[in-house]
Amino acid sequence: MRDKNKAIIYIILIIMSFIMLVPFAWMVLTAFKTVGESTQMDPFVIIPAHWRTENFVKVVHNVNFGRLYFNTIAMIALRVLCAVLTSTIAGYAFARLQFKGRDLMFGLVLFQMMIPSQIFIIPQYVMVSKLGWTNSLLGLLFPGLVSAFGTFLLRQAYLGLPKELEEAARLDGCNIGQTFLFIMAPLTKSSMVALGIFTAVFAYKDLMWPMIVCPDTNKTTLASALSKMQGQFSSNYPELMAAALIACLPMIVIYVIFQKQFIEGIATSGGKL
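Since this is a predicted model, take the numbers as computed values, not measurements.

> Mind laying out the overall build of the protein chain, listing which residues take part and the relevant values?
Of the regular secondary structure elements, the protein chain holds 15 helices and zero strands. Across its three principal directions, the C-alpha atoms of the protein chain cover 75 × 65 × 30 Å. Counting the 273 residues in the protein chain, one finds 37% classified as buried. Pairs at least 24 residues apart make up 73% of the contacts formed inside the protein chain by residues separated by at least 6 positions. For the protein chain, the computed accessible surface area is about 16600 Å², with 70% contributed by carbon and sulfur atoms.

> Residue-level account of the nonpolar core, with values.
Grouped together as the largest cluster of nonpolar side chains are 34 residues, with contacts concentrated most on Phe56, Val59, Phe65, Tyr204 and Leu222. Looking at this core, the elements with two or more residues in it are α3 (54–62), α4 (65–96), α6 (121–131), α11 (189–204), α12 (208–213), α13 (222–227) and α14 (237–247). Ranked by the residues each element gives to this core, the list is headed by α14, at eight residues. Once residues within four sequence positions are removed from consideration, Phe56 is found in contact with Ala31, Phe32, Ala242, Leu245 and Ile246.

> I'd like a rundown of the layout of surface pockets, residues and numbers included.
Quantified by volume, the largest pocket comes out at close to 1200 Å³. Looking at the largest pocket, it is lined by 35 residues, and the ones nearest its centre are Gln112, Ser117, Pro143, Val146 and Ser147. Contributions of two or more residues to the lining of the largest pocket are made by α4, α5 (102–114), α6, α8 (148–159), α11 and α12. It is α4 that contributes the most residues to the lining of the largest pocket, six residues altogether. The volume enclosed by the second largest pocket comes to roughly 610 Å³. As for the second largest pocket, its lining consists of 18 residues, of which Phe24, Met27, Tyr204, Cys248 and Met251 are closest to the centre. Of all the elements in the fold, those that place two or more residues in the lining of the second largest pocket are α1 (2–30), α13, α14 and α15 (249–268). Residue classes in the lining of the second largest pocket are distributed as 15 nonpolar, two polar and one charged.

> Before we move on, can you summarise a nonpolar patch on the surface with the specific residues and values?
Together, Phe24, Leu249, Ile252, Val253, Tyr255, Val256, Ile257, Phe258 and Ile263 make up an exposed nonpolar region whose accessible area comes to about 820 Å². Per-element accounting of the nonpolar patch gives the leading share, eight residues, to α15. Note that Ile257 resides in helix α15.

> Account for the pattern of salt bridges, with residues named and values stated.
Evaluation of the coordinates by the stated rule reveals four salt bridges. Between Arg96 and Glu166 there is a salt bridge whose closest N-O contact spans 3.4 Å. Residue Arg96 is found in helix α4, and its partner Glu166 is found in helix α9 (residues 164–171); the two are separated by 70 residues along the sequence. Across this residue pair, the class does not change: Arg96 and Glu166 are buried.

> Could you give me a rundown of the confidence of the model for the protein chain, with the residues and numbers involved?
In the predicted model, the protein chain carries a mean pLDDT of 86, and 93% of its residues have values of at least 70. Every residue in residues 269–273 is under pLDDT 50, and counting partners more than four places away or in other chains gives 15 contacts.

> Hey, could you go over the environment of His61 for me, with residue numbers and the actual values?
In this structure, His61 sits in helix α3. Judged by its relative accessible area of 69%, His61 falls in the exposed class. Considering only alpha carbons, one finds His61 and Leu222, 161 residues apart in sequence, at a separation of 15 Å. Within polar-contact distance, the side chain of His61 engages the side chain of Asn62 at 3.3 Å.

> Provide a residue-level description of the packing of α9 against helix α10 (residues 176–184), including the pertinent values.
As a packed pair, α9 and α10 sit with axes 10 Å apart at the nearest point and diverge in direction by 120°. The pairing of α9 with α10 is recorded here as oblique in orientation. For α9 against α10, the interelement crossing comes out right-handed. Along its contact with α9, which presents Leu165, Glu166 and Ala169, the element α10 presents Thr179, Ile183 and Met184.

Procedures and definitions
- Residues numbered from 1 in each chain as written.
- Predicted model: local features only at pLDDT ≥ 70, side-chain atom pairs only at ≥ 80, totals over all residues.
- Heavy atoms only, no water.
- Helix = DSSP H or I, 4+ residues; strand = E, 2+ residues; numbered from the N terminus.
- Buried < 20%, exposed > 50% of the residue type's maximum accessible area, 1.4 Å probe, protein only.
- Contact = heavy atoms within 4.5 Å.
- Areas by Shrake-Rupley, 256 points an atom, 1.4 Å probe, with all protein chains shown as cover.
- Core = buried A, V, L, I, M, F, W, Y, C linked by side-chain atoms within 4.5 Å.
- 1 Å grid on protein atoms, 1.4 Å probe; cavity = no way out; pocket = protein on both sides within 12 Å on 5 of 7 lines; lining within 4 Å.
- Points joined across faces, edges and corners; volume = space filled by probe spheres on them.
- Nonpolar A, V, L, I, M, F, W, Y, C, P; charged D, E, K, R; others polar.
- Patch = residues over 30% accessible without salt bridge, like charges linked within 9 Å, V, L, I, M, F, W, Y side chains within 5 Å.
- Salt bridge = Lys/Arg side-chain N within 4 Å of Asp/Glu carboxyl O.
- pLDDT = per-residue confidence, 0-100.
- Polar contact = N/O pair within 3.5 Å; in protein donor to acceptor, adjacent residues only side chain to side chain.
- Axes fitted to C-alpha atoms, helices over the stretch in contact; angles between N-to-C directions.
- Parallel < 35°, antiparallel > 145°, perpendicular 65-115°, else oblique.
- Left-handed = near helix turned anticlockwise from the far one by under 90°.

Next up, the structure:
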């Protein structure tokens, strides 16, 4: 009976995985089609008659991928660094330190997580504009300086660590900063990596903010630049899919490299010793 239930679960998971991979497979196949094949409906063309690489050549020639890759990777790296740094410090303070107004402040952090991010776009843009950061890397970085989700995630990770660790550190003469830096923070490495991957994915697919703060195509990100390839009345779908395939390579590389840490961080929330 147990083997039967396990087989049913595996079948369901395989079917769901196949459904999730269909859009990616469609993108790859369309990147090698002609415009006619990509829009032909009767009969519907799934496999291209001839695998063409001209779409990739045209996209690379027309789009400055080198500059867009630099903008995107720099923005992702800085957002990850800021989010992990601020979240691990704030998470430790909310989880381990006793100070006046702690619960109220953490409640405000949770409240911020419940509000749609679009509500903050206007005040954020006003602040960036007054600072003179429009069309710049600092403007792209601004919304990712802190992370409410990261603060919550790291707080949960620190709550899962035994109090005896801090007590032993104090007996050895460590102050709060030394206890955090040398004892507690290294034990939440898995959660930090998970937060870094989450932040990288969210930053990579962020579309609205880069379009608003960086209208200059050469100073924006990959997602924003790809959206501008979509025509108002018609679109060259093979070239658009070829550009999307080239643009998604960084996220595929990040997942392949860090998939073990990502799964471990989510499964244990950093509480594994």
